[in-house]
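What follows is each chain in one-letter form.
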Amino acid sequence: MAKFGNIKVCVGKIEQETKSIKRFHLYPVDQDLLPAFTGGSHITTYVKNGDEIIERNYSLVSHPTELTQYTIAIRKDERSRGGSVYWHDEIKVGDRLEISWPRNHFPLAFKAAKHHVFYAAGIGITPFMTMMKDLSAEGKSFELHYAARTKEDCAFYDYLNATYPGKCHFYFSRTENPTKMTPATMAEHRIGSHVYFCGPVSMVKEFREAAEHFGYPSHSIHFELFSATNEGPKDPFVVKLANSKRIVEVSEKETLLEALLKAGVDAAYSCKVGGCGTCEVQVVKGEVDHRDHFYKEEERRTKNVMMTCCSRAKEAEKVLVLDL
């Protein structure tokens, strides 16, 4: 059904966290314990829907030392490509599926940071659940800033208040006295703090730019995205694979990564939103329309590389030659 080495799990319990967020508890089918993981890790889920395999990445929210199950939290998004809607409407207790081993593209800077500050918007809280558990177990210093529409829309609100008293700051935008989470608070953190962002692309971009403006070193700024940036037209283009001499056509409805995989090319990938760097390929010839969040502008100018999961050929350069 999916890739070799995946783990077979069964949905053992489903909980309604908020009106739009459900928690799914996944239990191993063929083993007693699941693989260990660290704070910020995610898994890829592979759900069969007829002839289609719905492949999605979700952060783990269960305790890193609790390996009899994994728990993920999924927000239902009616504008999604179908993954979250299918999980909410179709997945039932007792269903079986496959998941990947845990991966972590959003690790804690344990040794480097004197203080950890998390900024979450909406479902962006999920990776921070395990990160705070790891930090709490090690007695490390941290705080959370968390924005949601209302307290009722704020996933894990009661748990966070009870578990981390005095460390959590909440901002609710649709209440009688609305409050807004702004980057200005980053100017107040002590020297040696690392900041972490997770939420909509616009929020992550705003807070990253603000952190740089406040003088945070690049190694002190961390982020994770759940969706790719929707920037510019998606015109069709062609790639030539220099090593295999093959030609792959990329339509306006698919990414380069999707076209490569459909053509049987063993292309590496992980996050699929241009944030982790796993799908990087060398560009032999042609101009790239970079749409990732991984490279700095200088790297885009000086390195002949691209992310196949999101970047495309520039409008004036319809053909790219890749080192594949």
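Further up the page is the structure itself.
First, a word on scope: everything that follows refers to the structure included in this document. (Residues numbered from 1 in each chain as written. Predicted model: local features only at pLDDT ≥ 70, side-chain atom pairs only at ≥ 80, totals over all residues. Heavy atoms only, no water.)

### Notes on the overall build of the protein chain
Then, in step 1: Secondary structure summary: the protein chain contains six helices and 18 strands in total.
Then, in step 2: In terms of overall dimensions, the protein chain is globule-like: its C-alpha atoms have a radius of gyration of 21 Å, near the 20 Å expected for 324 residues.
Then, in step 3: Overall, the protein chain is about 60 × 50 × 40 Å in size when its C-alpha atoms are taken along their principal axes.
Then, in step 4: Buried positions account for 49% of the 324 residues belonging to the protein chain.
Then, in step 5: Sequence separation of 24 or more characterises 66% of the internal contacts of the protein chain that already satisfy a separation of 6 or more.
Then, in step 6: If you sum the accessible surface of the protein chain, you get close to 16,500 Å²; carbon and sulfur atoms cover 48% of it.
Then, in step 7: Each charge class in the protein chain can be summarised by its mean position, and for the 43 positive and 43 negative side chains these summaries are 1 Å apart. (Helix = DSSP H or I, 4+ residues; strand = E, 2+ residues; numbered from the N terminus. Rg over C-alpha atoms; globule rule 2.2 N^0.38 Å. Buried < 20%, exposed > 50% of the residue type's maximum accessible area, 1.4 Å probe, protein only. Contact = heavy atoms within 4.5 Å. Areas by Shrake-Rupley, 256 points an atom, 1.4 Å probe, with all protein chains shown as cover. Lys, Arg positive; Asp, Glu negative; His and termini not counted. Charge placed at Lys NZ, Arg CZ, Asp CG, Glu CD.)

### So, the pattern of salt bridges
Two side chains bearing opposite charge may form a pair once their charged atoms approach each other closely.
Then, in step 1: A complete count under the given rule lists ten salt bridges for this structure.
Then, in step 2: With its nearest N and O atoms 3.7 Å apart, the salt bridge here joins Glu-55 to Lys-272. Taken as a pair, Glu-55 in strand β4 (residues 52-59) and Lys-272 in the loop between α5 (256-262) and β14 (280-285) lie far apart in primary sequence, 217 residues in all.
Then, in step 3: With relative accessibility at 19%, the residue Glu-55 sits in the buried group.
Then, in step 4: The closest approach of N and O atoms between Lys-318 and Asp-235, which form a salt bridge, is 3.7 Å. Taken together, the positions of Lys-318 in the loop between β17 (312-313) and β18 (319-322) and Asp-235 in the loop between β11 (221-224) and β12 (237-241) put the pair 83 residues apart, joining distant regions of the chain.
Then, in step 5: Overall, Lys-318 belongs to the partly exposed group, its relative accessible area being 34%.
Then, in step 6: Take Asp-235: its relative accessible area is 29%, and that puts it in the partly exposed class. (Salt bridge = Lys/Arg side-chain N within 4 Å of Asp/Glu carboxyl O.)

### Considering the pairing of strand β3 (residues 42-49)
Then, in step 1: Of all eight residues in β3, six are buried, a share of seventy percent or more.
Then, in step 2: Pairing geometry for β3 and β4, over eight bridges, is antiparallel. Bridge pairing links Ile-43 to Tyr-58 in β4.
Then, in step 3: Remark: two residues form the turn of the hairpin made by β3 and β4, two consecutive strands paired antiparallel; Gly-50 in that turn has positive phi of roughly 65°.
Then, in step 4: Pairing of β3 with strand β6 (residues 96-99) involves two bridges; the strand directions are antiparallel. Residue pairing in the sheet places Tyr-46 in a bridge with Glu-98 of β6. (Pairing = 2+ DSSP bridges.)

### Describing the sheet that holds β18
Then, in step 1: Across the sheet, five strands lie side by side as β13-β12-β18-β14-β16; this open sheet has mixed pairing. The sheet terminates laterally at β13 (246-250) and β16 (305-307), the two strands that pair on one side only. Averaged over all pairs of adjacent strands, the angle between their axes in this sheet comes to 40°, without regard to strand direction. (Axes fitted to C-alpha atoms, helices over the stretch in contact; angles between N-to-C directions.)

### Here we look at the pairing of β11
Then, in step 1: Burial along β11 is two-sided: Ile-221 and Phe-223 facing one way and His-222 and Glu-224 facing the other are all buried.
Then, in step 2: As defined by bridge partners, strand β10 (residues 193-198) adjoins β11 across four bridges and the pair is classed as parallel. Residue pairing across strands places Val-195 opposite Ile-221, the latter belonging to β11.

### Re the layout of surface pockets
Then, in step 1: Put simply, the second largest pocket is a space of about 250 Å³.
Then, in step 2: Forming the walls of the second largest pocket are 17 residues, and the residues nearest its centre are Glu-17, Arg-23, Met-129, Phe-156 and Tyr-159.
Then, in step 3: Secondary structure elements with two or more residues in the lining of the second largest pocket: β2 (21-28), α2 (126-137) and α3 (157-163).
Then, in step 4: Broken down by element, the residue count for the lining of the second largest pocket peaks at three residues, all from α3. (1 Å grid on protein atoms, 1.4 Å probe; cavity = no way out; pocket = protein on both sides within 12 Å on 5 of 7 lines; lining within 4 Å. Points joined across faces, edges and corners; volume = space filled by probe spheres on them.)

### Overview of the packing of aromatic side chains
Each aromatic ring pair is summarised here by two numbers: the centre-to-centre distance and the angle between the ring planes.
Then, in step 1: A full pass over the atoms with the stated rule returns 18 aromatic pairs.
Then, in step 2: Between Phe-170 and Phe-172, the aromatic rings sit 6.2 Å apart at their centres with planes inclined by 15°, giving stacked as the arrangement.
Then, in step 3: On the basis of relative accessibility, which here comes to 17%, the residue Phe-170 falls in the buried class.
Then, in step 4: When the ring centre of Phe-142 is taken as reference, the NZ or CZ atom of Lys-167 above it lies at 4.9 Å. (Phe/Tyr/Trp six-rings, centres within 6.5 Å; stacked < 30°, edge-to-face > 60°. Lys NZ or Arg CZ within 6 Å of the ring centre and 35° of its normal.)

### Observations concerning the nonpolar core
Then, in step 1: Counting residues in hydrophobic clusters, the biggest one holds 31 residues, and the most contacted among them are Phe-118, Ile-125, Phe-128, Leu-144, Tyr-146 and Leu-160.
Then, in step 2: At the level of secondary structure, the elements contributing two or more residues to this core comprise β7 (115-121), α2, β8 (142-148), α3, β9 (168-172) and β10.
Then, in step 3: The element contributing the most residues to this core is α2, with five residues.
Then, in step 4: Look past the residues within four positions of Leu-160 in its chain and what remains in contact with it is Ile-125, Met-129, Met-132, Leu-144, Tyr-146, Ala-155, Pro-165, Cys-168 and Phe-170.
Then, in step 5: Of all hydrophobic cores here, the second largest spans 25 residues; its members include Phe-237, Val-248, Val-250 and Val-281. (Core = buried A, V, L, I, M, F, W, Y, C linked by side-chain atoms within 4.5 Å.)

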